[in-house]
Amino acid sequence: MKIIRRALRLRSTRVALGLLTVIAFLAAFGSATAPYDPVHQDVAHLLAGPSGGHWLGTDYLGRDVLSRLMAGTRLSVLSALEAVVVGLAIGATTGLASVFLGRTFDYLSNRVNDTLMTLPTIVFAVAVTAVLGNRLVQAMFAVGVLLAPMFFRVTRAATLQYAQAQYVEVADLLGASRAHVIRVHVLRKVMPTVAVTAASAAAAALLTVSSLTFLGIGVVPPAPTWGGVLSSDLAYLSLAPWAPIAPAAMIMITVGALNTLADSIRDSSRADLDAVPALSTITDVNSEYGHAYGTPHADHPAA
Amino acid sequence: MPTAPLMPTTLRPDVQAVTTTEVLAIEDLQVSVHNSRLGAVLGASLTVARGESVGLVGESGSGKTLTCRAALGVLGPGCAIESGTVRFAGQDVTRLDAKAWEAIRGQRVGAVFQDPTSYLNPSITVGRQLAEVVRIKLGLPRRQAKAKAIELFEAVGLQAKVYGQLPVELSGGMLQRVMIAIAVSCDPELLVADEATTALDVTIQAEIIELILRLRDERGLAVLFVSHDLAVIAELCDRVVVFYAGEVVETGPTAQILASPRHPYTQALLKVASLGDYGRRQLDVIPGQPPSVGAQISGCRFADRCAFALDACREAPVAVREVDGREVRCLRAEELAS
Amino acid sequence: MTEPLLELDNVDVVLGHRRRAARILSAVDLQVSAGQIIGVIGETGSGKTTLARTIVGLIEPAAGEVRHSGLKSVAGKGRRDARRTGRVQFVFQDPLRSLDPDLTVFELVAEGLRIRGGLSESEILDRVAAALGKVGLDSGLLGQLPAQISGGQRQRVSIARALVMDPELLICDEPVSALDASNRNQVLRLLDDLRSSLGIAIIVISHDLSSLAGIADRVLVLYRGRVVEEGPIGEVFGAPRHPYTALLVASAPSLGLHRPLTARQLRRRTDEPSVVTAAGGCVFADRCPFVTEVCTEQPRAVEAEPGWHVACHHADAWRDQAVNR
């Protein structure tokens with residue numbers, strides 16, 4: 001909570017959140033509020049430039065670009081979210097479990113993750129759609145599986161650090177179950193790290209969605225997506241060189257906002273650490289009593 | 001304890017020119033923390049003479065460590081000297097820049113802190129680390145630097161074989177001896193020890209205290225020793241400076257202060273310190289908590305915890321006065337003579 | 001006769017496996033009865049922390065028995081149940097590390113009750129408030145985080161967390177060594193009060209003699225895994241019968257400056273002859289100035305006076321030698 005409050009004090013966080021709210025609105029109501037039907041073809045205005053009627057112009061079939069971008073938001077964003085949720089669910093839970101379920105599970109889960117990390121995302125997604133059917137849900141599930149190692153590694157590292165804390169040993173002495181230790185002492189400390197990862201994973205997933213739809217994977221025309229719009233615009237670059245700017249900007253702004261958010265969460269949780277040395281300069285140092293070295297008899301050169 | 005032949009204590013020409021034996025003189029020092037927002041040291045004066053050991057004692061946050069850091073020119077970020085002077089061997093070092101400090105620290109002032117491991121490189125043998133200091137600071141060639149390092153190790157009661165050992169191979173007490181060897185390697189005039197024995201086992205602590213005393217006597221070192229434990233100070237120091245909430249409340253010879261403290265806080269500290277009596281008894285405590293760092297208090301800063309406080313104590317700041325051969329910051333110092 | 005709350009009978013502890021195995025404790029006997037405060041003094045490497053962990057069942061002894069109220073306990077499941085009922089509680093040295101920095105005082109103290117279960121939220125609140133009252137903390141602190149309260153208060157919270165479980169035995173590992181003298185005495189006084197008002201037994205483990213001053217009934221001096229001396233604290237520290245205990249007392253800084261023997265008289269000088277001691281020799285032999293040939297064998301603990309045991313071949317003779325050193 002402290003971290004969220006501190007993050008909100010940063011202007012970059014508020015700007016990023018503002019942009020993401022607009023994107024969320026478009027994802028929810030994009031099709032409904034679009035000025036035109038995104039699949040309606042106006043053959044009289046093919047590849048028209050920006051004008052009062054079509055703010056962002058029209059594409060090669062005369063469809064309104066603004067409407068297609070607004071209506072395409074939902075599919076693009078939801079697909080990215082699907083990948084993140086899948087990655088988080090698989091990665092974070094196995095990451096947590098690898099610390100608590102013993103060495104065999106730890107070893108196996110690490111090797112599986114190493115394997116997943118070697119797979120190229122796009123190729124894997126293409127292969128999965130080839131087997132399971134060319135739909136975005138399947139493709140993004142595959143992308144989510146490949147995002148899991150990212151979550152696995154950060155969750156495992158953070159959990160390892162907190163699972164060895166002395167207060168966890170205290171809880172053990174009180175007879176606490178693993179579930180209690182995870183819920184009370186580990187989860188809330190790991191959350192900021194996972195949140196940062198989720199934000200940057202969302203940005204990566206969005207780029208992947210765009211790439212896949214750009215390649216025509218997972219979407220059946222004429223359904224609009226950001227990547228699809230960008231792809232069709234690029235085909236007519238010589239006739240309408242301004243056209244790719246709008247879809248590219250949508251992708252860039254969203255990815256940028258997500259990365260900014262990730263950064264500010266990370267910086268705000270780090271501020272906790274930064275505060276420590278500043279405090280220790282004013283209090284006298286007698287809180288740490290290290291008895292970490294050697295045995296007492298070793299102090300005697302006579303021995 | 002093996003006593004190695006010692007190097008003659010040589011005084012540098014510029015020190016000989018100074019007629020006074022005062023090595024360190026701090027006058028009305030004020031140190032602020034958190035970028036000048038809070039005053040943590042609110043007027044500390046003390047002197048340390050050649051061959052004398054002076055102890056700074058006080059609770060956490062009393063300003064003793066900051067005063068000692070200011071004397072070393074190593075105040076942390078956000079901390080600054082607001083007013084007052086620090087004079088080292090007659091030279092005003094209050095506003096010295098980092099480069100000028102380099103010439104003093106290590107050469108003419110040595111320092112030892114609580115945790116020796118954080119000041120030693122874990123992957124280099126302690127002998128090479130000491131020889132490196134000797135080589136750079138004294139300008140000796142490698143071979144002589146090694147001989148000098150071994151000589152120093154023996155002077156602090158370590159065997160020559162320690163030269164080739166890594167910090168992890170040595171115990172806490174031995175590492176602290178290494179730190180002392182580094183601190184006195186350039187034959188400094190002043191040794192500053194900040195909680196240098198706090199983390200050690202009691203039997204080792206006693207040996208380190210004896211070592212510091214021996215170095216003081218043999219080399220005429222001035223020693224500034226900082227500790228939260230009055231009993232340790234009593235073992236080691238000729239004079240005691242008692243800090244409370246950023247101020248020096250009493251300064252005087254150790255024996256006098258132990259026999260008849262003139263400040264109520266010193267009295268209270270004596271009662272709670274270790275008495276060497278381990279049988280069952282009711283332990284004394286000092287009621288209440290010290291004011292937080294930087295608290296604005298119009299009168300005596302100890303008044304709220306003091307059994308002798310009068311209305312007058314709370315009205316105006318209490319000045320330091322000389323009473324019975326020592327300096328006391330208390331209106332009723334005369335009445336407190338026991 | 002009632003069984004003592006805790007009994008350690010000839011306990012050996014070995015840590016590590018095979019070639020890296022090291023014997024940390026040898027033949028340790030210890031008895032604690034209700035309402036007693038026992039001090040365990042040991043320096044670095046004495047095995048004092050291992051002793052504490054063995055008592056609470058985190059470590060299984062290689063030989064000997066640990067009995068709680070006469071019942072033999074084994075590390076693992078059975079001990080875990082004993083802990084769950086909360087009869088033995090542990091207070092750690094550094095509350096900054098043993099208190100979760102993200103939990104409030106209320107959540108910290110309530111944790112054990114929640115784990116044990118079976119209480120309503122309002123009952124938990126009542127018990128937490130009562131535990132805080134016992135350690136002299138205001139219930140206004142309930143919503144504070146550990147970083148927002150003082151060092152002395154934090155250690156009291158640790159003690160309250162143990163007390164809320166209604167323990168019979170409290171094991172405190174260096175409970176006051178991170179505190180200054182005034183706070184130290186306050187916490188020691190609190191432990192003394194708890195012993196008399198609640199009748200609980202307390203084991204205080206420390207490297208520092210002043211951590212036991214004024215409150216302990218008996219003291220046990222550990223050196224490299226062995227109990228070298230054990231007896232009533234006033235007598236043991238007043239006139240030690242083991243050279244190591246004497247060295248500890250002489251080395252402890254104190255304002256009472258009259259010392260029958262100085263640390264210097266009790267340390268071996270480098271020029272003094274040493275007896276080569278094999279693995280089976282007296283644990284203190286390589287630091288002891290009074291060492292002779294017989295010290296190549298570990299002395300058994302003998303009862304020098306009723307309730308006062310010492311393990312030294314020269315327990316009666318060394319003092320005269322020391323005075324003349």
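Residues numbered from 1 in each chain as written. Chains lettered and ligands numbered in written order. Predicted model: local features only at pLDDT ≥ 70, side-chain atom pairs only at ≥ 80, totals over all residues.

**Q** Whenever I open this one, the overall build of chain B confuses me. Can you help?
**A** Looking only at helices and strands, one finds 11 helices and 12 strands in chain B. The globule rule puts the C-alpha radius of gyration for 338 residues at 20 Å, and the 21 Å found for chain B is close to it. In terms of overall dimensions, chain B has C-alpha extents of about 70 × 50 × 35 Å along its principal axes. Here chain B holds 338 residues, and the buried ones make up 50% of them. Residue pairs in contact within chain B that sit at least 24 positions apart in sequence constitute 65% of those at least 6 positions apart. (Helix = DSSP H or I, 4+ residues; strand = E, 2+ residues; numbered from the N terminus. Rg over C-alpha atoms; globule rule 2.2 N^0.38 Å. Buried ≥ 20, exposed ≤ 12 C-beta atoms within 10 Å, placed from the backbone. Contact = placed C-beta atoms within 7 Å.)

**Q** Is there a simple way to think about the interface of chain C and chain B in this case?
**A** Frequently, the measure chosen for interface size is the accessible area that the parts lose on association. With 31 residues of chain C in contact, the opposing surface of chain B contributes 34 residues. Along the lines of polarity and charge, the residues of the side of chain C that touches chain B split into 14 nonpolar, 13 polar and four charged. (Nonpolar A, V, L, I, M, F, W, Y, C, P; charged D, E, K, R; others polar.)

**Q** Hey, could you run me through the pairing of strand S11 (residues 302-305) of chain C in this one?
**A** Within a regular strand, side chains alternate between the sheet's two faces. All names here are of chain C. By the bridge criterion, three bridges tie S11 to strand S12 (residues 308-310) in an arrangement that is antiparallel. Paired with Glu303 across the bridge in S12 is His309. Adjacent in sequence and paired antiparallel, S11 and S12 are bridged by two residues, among which Gly307 carries a positive phi angle near 75°. (Pairing = 2+ DSSP bridges.)

**Q** Just checking my understanding: could you explain unusual backbone geometry for this structure?
**A** Trans peptide bonds make up the majority, and among non-glycine residues the majority have a negative phi. All names here are of chain B. Within the chain, Asp28 stands out as a residue other than glycine whose phi angle is a positive 45°. Within the secondary structure layout, Asp28 lies in strand S1 (residues 22-33). Its identity is not glycine, yet Asp187 carries a phi of approximately 55°, on the positive side. Tracing the sequence through the fold places Asp187 in the loop between helix H6 (172-183) and strand S7 (190-194). Its 18 C-beta neighbours within 10 Å are what place Asp187 among the partly exposed residues.

**Q** Would you mind showing me how to read the environment of Ala201(C) here?
**A** When you line up the elements, Ala201(C) lands in strand S8 (residues 201-206). Here the alpha-carbon distance between Ala201(C) and Ile171(C), two residues 30 residues apart in the chain, equals 8.6 Å.

**Q** What is the right way to look at the sheet that holds strand S5 (residues 91-92) of chain B in this model?
**A** Strand pairing in a sheet is mediated by backbone hydrogen bonds. Such pairs are either parallel or antiparallel. Residue and element names in this part refer to chain B. Taking strand neighbours across the sheet as the criterion, the four strands line up as S2-S1-S4-S5 in an open arrangement whose pairing is antiparallel. Looking at the sheet topology across the chains shown, the edges are occupied by strand S2 (38-49) and S5. Seen against the sheet, helix H2 (residues 64-72) touches S1, S2 and strand S4 (80-88) and runs at an angle of roughly 120° to S1. (Axes fitted to C-alpha atoms, helices over the stretch in contact; angles between N-to-C directions.)

**Q** Please explain the packing of H6(B) against helix H7 (residues 202-219) of chain B as it appears in this structure.
**A** Packed helices, taken two at a time, are described by the angle between their axes plus the distance between the axes. Residue and element names in this part refer to chain B. At a minimum axis distance of 10 Å, the contact between H6 and H7 shows a crossing angle of 15°. Relative to H7, the element H6 lies roughly parallel. For the element pair H6 and H7, the recorded crossing hand is right-handed. Here Gly173, Gln176, Arg177 and Ile180 of H6 lie close against H7, whose contacting residues are Ile204, Glu207, Ile208 and Leu211. (Parallel < 35°, antiparallel > 145°, perpendicular 65-115°, else oblique. Left-handed = near helix turned anticlockwise from the far one by under 90°.)

**Q** Can you walk me through the sheet that holds S11(C) in this structure?
**A** Residue and element names in this part refer to chain C. Strand order in the open sheet formed by eight strands is S6-S7-S8-S3-S9-S10-S12-S11, with mixed pairing between adjacent strands. Among the strands making up the open sheet, the edge pair consists of strand S6 (88-91) and S11. The sheet shows a mean angle of 25° between the axes of neighbouring strands, direction not considered. Sheet analysis places strand S9 (residues 218-223) next to strand S10 (residues 226-232), joined by six bridges and oriented antiparallel. Bridge pairing in S10 links Val221 to Glu229.

**Q** Please explain the packing of helix H4 (residues 105-116) of chain C against helix H5 (residues 121-134) of chain C as it appears in this structure.
**A** Residues and elements named next belong to chain C. Running from amino to carboxyl end, H4 crosses H5 at an angle of 120°, the nearest separation of the two axes being 10 Å. With respect to H5, the element H4 is oriented oblique. Regarding H4 and H5, the two cross each other, and that crossing is right-handed. Between H4, through Phe106, Val109, Ala110, Leu113 and Arg114, and H5, the contact on the second element is made entirely by Ile124, Arg127, Val128, Ala131 and Leu132.

**Q** Would you take a moment to explain H4(C) for this structure?
**A** Residues that lie three or four places apart on an α-helix share one face, since the helix turns once every 3.6 residues. For H4(C), the complete set of buried residues consists of Val105(C), Leu108(C), Val109(C), Ala110(C), Glu111(C), Gly112(C) and Leu113(C). Lining the buried residues of H4(C) we find helix H7 (166-173) of chain A together with H5 and helix H6 (151-163) of chain C. Positive backbone phi, approximately 75°, marks Gly117(C), located one or two places after H4(C).

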